[in-house]
Amino acid sequence: MDDRTVLISGAGIAGPALAFWLRRHGFRPTVVERAPGLRPGGQAVDVRGTARTVLDRMGLTARVRAECVAERGMAYVDARGAVTCRMPVHAFAGEGIVADLEIERGDLARLLYEETHAEVEYVFDDSIEALTDTGDGVRVTFARSAPRTVDLVVGADGMHSRTRELAFGPEAGYVRPLGAYLAYFGTPYPDTDGWFLMHNAPGGRVVGTRPTRHGRTSALFSFTSPPLAIDRRDVAGQQRLLAERFADVGWRTRELLAVLADAPDFYFDAYGQVRAQRWSAGRVALLGDAAWCPSPLTGQGTSLSLVGAYVLAGELAAAGGDHIRAFPRYEAALRAHVAKGQQLPGGGISGFLPASRTAIRLRDASMRAMTCRPLRRLTTRLFFSQADGLALPEYAATR
């Protein structure tokens with residue numbers, strides 16, 4: 001078998017990273033993206049552990065470092081803005097809650113696109129609508145483009161993957177809600193001190209601000225809640241919900257909500273994890289959040305996507321393009337690493353979003369203890385080592 005044409009759904013991080021490696025191995029990838037272009041902005045994402053080795057092998061470490069967000073660390077503040085506890089970046093050798101290799105999601109997606117677009121076909125403002133296995137390929141129907149037949153399809157289209165739904169079944173069978181929602185967006189307010197600041201309020205709510213690479217501030221809102229009957233495309237409804245849920249919260253909440261409606265990069269979704277018993281079905285495979293979304297709480301999503309793209313492309317190359325051999329090897333190589341990366345930090349949602357003032361004070365005390373020198377090594381092993389431990393295979397490039 002010699003499956004060489006690969007259609008990738010999703011132009012975020014996982015999709016272009018896979019396209020990068022597939023081209024290096026002599027495949028012919030095409031990336032289709034529902035959005036009309038690359039999505040700018042977004043929260044800063046971490047590159048951790050084994051993913052740093054992947055970035056080195058891509059030759060992109062220097063470029064990523066040049067566009068990093070210069071965060072000094074994370075701190076919790078009270079309603080008046082006074083700091084109650086801090087976790088500096090250097091406290092855990094750059095691998096703590098805030099890593100020393102942080103880049104805005106949109107910037108990393110752009111770098112990957114710039115590295116690939118000369119040799120990879122990108123189709124924006126389109127999406128996969130139907131998949132039909134023809135025996136020797138996959139017939140793909142699109143929302144806008146003419147149908148085409150390819151050898152393989154890879155869904156790298158996020159937690160709410162359309163590709164996964166078409167090839168594996170409804171989302172309800174794969175996405176596990178974690179009992180909370182999050183929103184983030186860019187603001188016009190300047191950053192003043194380089195810290196990622198967060199203020200918790202009773203009722204399982206948090207408001208945060210963090211610096212951007214361009215000297216401004218992005219905002220983060222999260223709150224606990226059972227599943228809500230709100231359309232993911234109803235931006236106005238989501239913004240009204242935030243304004244209602246946070247109407248009585250202090251600190252900078254009012255001024256952040258005041259610019260909410262004008263944010264061009266507003267994002268809202270539930271915290272969830274994707275658990276799939278298999279990541280391939282016939283000629284269709286899943287990658288990144290579509291296969292194993294760990295949730296933003298873990299800080300592992302980007303790193304797992306980079307590692308997964310490297311391994312999937314490498315196994316296809318090692319199998320000579322035979323997906324029947326490559327897909328099971330891809331899963332076997334990554335299952336334990338992904339399971340480790342999906343482990344939620346201590347306390348899970350309740351640790352991130354304490355319900356009462358007492359719980360907030362206890363969380364602050366716990367964080368102060370974590371940063372004390374006698375406990376740093378234990379904390380690193382328990383909470384910040386999930387991105388390590390995978391021995392990356394060496395895959396010979398074919399071009």
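Residues numbered from 1 in each chain as written. Predicted model: local features only at pLDDT ≥ 70, side-chain atom pairs only at ≥ 80, totals over all residues. Heavy atoms only, no water.

*Asks:* Could you give me a rundown of the overall build of the chain, with the residues and numbers involved?
*Replies:* Secondary structure assignment for the chain yields 13 helices and 18 strands. The C-alpha atoms of the chain give 21 Å as radius of gyration, which agrees with the globular expectation for 399 residues (21 Å, within 12%). By principal-axis analysis of the C-alpha atoms, the chain measures approximately 65 × 45 × 35 Å. In the chain, which comprises 399 residues, the proportion classed as buried is 56%. Accessible surface computed for the chain: about 16800 Å², of which carbon and sulfur atoms make up 52%. Computed over 48 positive and 43 negative side-chain charges, the separation of the two mean positions in the chain equals 5 Å. (Helix = DSSP H or I, 4+ residues; strand = E, 2+ residues; numbered from the N terminus. Rg over C-alpha atoms; globule rule 2.2 N^0.38 Å. Buried < 20%, exposed > 50% of the residue type's maximum accessible area, 1.4 Å probe, protein only. Areas by Shrake-Rupley, 256 points an atom, 1.4 Å probe, with all protein chains shown as cover. Lys, Arg positive; Asp, Glu negative; His and termini not counted. Charge placed at Lys NZ, Arg CZ, Asp CG, Glu CD.)

*Asks:* Give me the pairing of strand β8 (residues 128-133): which residues, what numbers.
*Replies:* Taken together, the five bridges between β8 and strand β9 (residues 138-142) define a ladder with antiparallel strand orientation. Paired with T132 across the two strands is R139, which belongs to β9. Hairpin connection between β8 and β9: a loop of four residues separates the two successive antiparallel strands, and G135 in this loop has a positive phi of roughly 100 degrees. (Pairing = 2+ DSSP bridges.)

*Asks:* How would you summarise helix α2 (residues 50-58) if you had to cite specific residues and measurements?
*Replies:* Along α2, the residues classified as buried are T50, A51, R52, V54, L55 and M58. Those residues of α2 that are buried lie in contact with α1 (14-24), α3 (61-66), α4 (105-116), α9 (301-318) and α10 (323-341). In the stretch just after α2, G59 is the one whose phi turns positive, near 75 degrees. (Contact = heavy atoms within 4.5 Å.)

*Asks:* I'd like a description of the packing of α1 against α9, backed by residues and values.
*Replies:* A pair of packed helices can be characterised by two numbers: the angle between their axes and the separation between those axes. Interhelical geometry of α1 versus α9 gives an angle of 35 degrees and a closest axis separation of 8 Å. Considering the relative orientation of α1 and α9, their crossing is right-handed. Contact with α1, carried on its side by A14, A17, L18, W21 and L22, involves S305, L306, A309, Y310, L312, A313 and L316 of α9 and no other residues of that element. (Axes fitted to C-alpha atoms, helices over the stretch in contact; angles between N-to-C directions. Left-handed = near helix turned anticlockwise from the far one by under 90°.)

*Asks:* Mind laying out the sheet that holds strand β12 (residues 175-190), listing which residues take part and the relevant values?
*Replies:* An order of β5-β4-β13-β14-β15-β12-β16 is seen for the seven strands of this open sheet, with the pairing classed as mixed. Only two strands of the sheet have a single neighbouring strand rather than two, namely β5 (83-88) and β16 (267-274). Averaged over neighbouring strand pairs, the angle between their axes works out to 20 degrees when direction is ignored. With five bridges joining them, strand β13 (residues 195-201) and strand β14 (residues 205-211) adopt antiparallel strand pairing. Paired with L197 across the strands is T209, a residue of β14. Where helix α12 (residues 357-370) meets the sheet, its contacts fall on β4 (73-77), β5 and β13, and the angle it forms with β5 comes to roughly 35 degrees.

*Asks:* Please provide a residue-by-residue account of the environment of A270, values included.
*Replies:* If you trace the backbone, A270 turns up in strand β16. Owing to a relative accessible area of 21%, A270 belongs among the partly exposed residues under this scheme. Taking the C-alpha atoms as reference points, A270 and R363, 93 residues apart in sequence, are found 23 Å from one another.

*Asks:* I'd like a rundown of the pairing of β16, residues and numbers included.
*Replies:* Burial within β16 is extensive, with six of its eight residues counted as buried. Taken together, the seven bridges between β12 and β16 define a ladder with antiparallel strand orientation. For L182, the partnering residue across the bridge sits in β16 and is D269.

*Asks:* Account for the sheet that holds β9, naming residues and giving values.
*Replies:* Pairing within the open sheet is antiparallel, and its three strands lie in the order β8-β9-β10. Each end of this open sheet is capped by a strand with a single partner; those strands are β8 and β10 (148-150). In this sheet, neighbouring strand axes are inclined to one another by 30 degrees on average, regardless of whether the strands run parallel or antiparallel.

*Asks:* Give a detailed account of the nonpolar core, specifying residues and quantitative values.
*Replies:* Ranked by size, the top nonpolar core spans 75 residues in total, and within it I8, L18, L287 and W292 carry the most contacts. Looking at this core element by element, the count peaks at ten residues for α9. Those residues in contact with L287, other than ones at most four positions away along the chain, are A14, L18, V154, G155, A156, W292, S305, G308, A309 and Y330. Within the second largest apolar cluster, 25 residues are counted, among which are Y181, V207, L256 and A263. (Core = buried A, V, L, I, M, F, W, Y, C linked by side-chain atoms within 4.5 Å.)

*Asks:* Explain the packing of aromatic side chains residue by residue, including any values.
*Replies:* For the coordinates displayed, the defined rule picks out 17 aromatic pairs. Note on Y181 and F223: the rings are 5.7 Å apart at their centroids and 15 degrees apart in plane angle, and the pair reads as stacked. Linking Y181 in strand β12 with F223 in strand β15 (residues 216-224), this pair joins segments that are 42 residues apart in sequence. Overall, the relative accessible area of 9% leaves Y181 in the buried class. Here the aromatic residues Y181, F185, F221, F223, F246, F266 and F268 are joined through ring pairs into a cluster of three or more. The ring of W195 carries R86 above its face, with NZ or CZ at 4.6 Å from the centroid. (Phe/Tyr/Trp six-rings, centres within 6.5 Å; stacked < 30°, edge-to-face > 60°. Lys NZ or Arg CZ within 6 Å of the ring centre and 35° of its normal.)

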